[in-house]
Amino acid sequence: MSAYLSSERQERTIDQMVIGETAYTMPWALWLNEDRRCMLNVQYIVFPEAFGTIELVVKRTPEGYVIDASHTDYKWEPEADPGYIGGHSSLPVEDLLW
């Protein structure tokens, strides 16, 4: 006999979200480039509900990603490189809600 893990319990990243899906991630998945353009590291893990520091709302739309940052006190500063360990894959954010 073999054990199987339910797909609901499998770790997923932002880039695996489907259009119309809303999920939660860490605030530092979002960063500002030097021009203050909001960028999203799509390799961050998403969760179906908020808890602890998992408070940044990410919604996948046909145009890209919409971020709701109204539930976090995290502060962002522009930076040339977000400094993610192990690299990153970042995409521009289409809309940001405060």
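Provided above is the structure to which this section pertains.
Residues numbered from 1 in each chain as written. Predicted model: local features only at pLDDT ≥ 70, side-chain atom pairs only at ≥ 80, totals over all residues. Heavy atoms only, no water.

Moving on, we come to the pattern of salt bridges. Summed over all chains, the structure comprises one salt bridge. Residues Arg12 and Glu21 are paired through a salt bridge, measuring 2.8 Å at the closest nitrogen-oxygen approach. A residue is classified by how much of its surface remains accessible, and Arg12, at 26% relative accessible area, is partly exposed. Overall, the relative accessible area of 18% leaves Glu21 in the buried class. (Salt bridge = Lys/Arg side-chain N within 4 Å of Asp/Glu carboxyl O. Buried < 20%, exposed > 50% of the residue type's maximum accessible area, 1.4 Å probe, protein only.)

Another point: the sheet that holds strand E8 (residues 90-92). Taken in spatial order, the three strands of this open sheet run E3-E4-E8, and their pairing is antiparallel. In the strand order of this sheet, the two ends are held by strand E3 (30-32) and E8, each with one partner. The sheet shows a mean angle of 35 degrees between the axes of neighbouring strands, taken without regard to direction. As paired strands, E3 and strand E4 (residues 38-41) are joined by three bridges and run antiparallel to one another. Bridge assignment links Trp31 to a residue of E4, and that residue is Met39. (Pairing = 2+ DSSP bridges. Helix = DSSP H or I, 4+ residues; strand = E, 2+ residues; numbered from the N terminus. Axes fitted to C-alpha atoms, helices over the stretch in contact; angles between N-to-C directions.)

Residues Ala23 and Thr25 of strand E2 (residues 22-25) are buried on one face, while the alternating residues Thr22 and Tyr24, pointing to the opposite face, are not. In the sheet, E2 pairs with strand E6 (residues 56-61) via four bridges, with the strands oriented antiparallel. Note that in E6 the partner of Thr22 across the bridge is Lys59.

Turning next to unusual backbone geometry. With the exception of glycine, the majority of residues adopt a negative phi angle, and the majority of peptide bonds are in the trans configuration. Despite not being glycine, Arg36 shows a phi value in the positive range, around 70 degrees. On the accessibility criterion, Arg36 (54% relative accessible area) is exposed.

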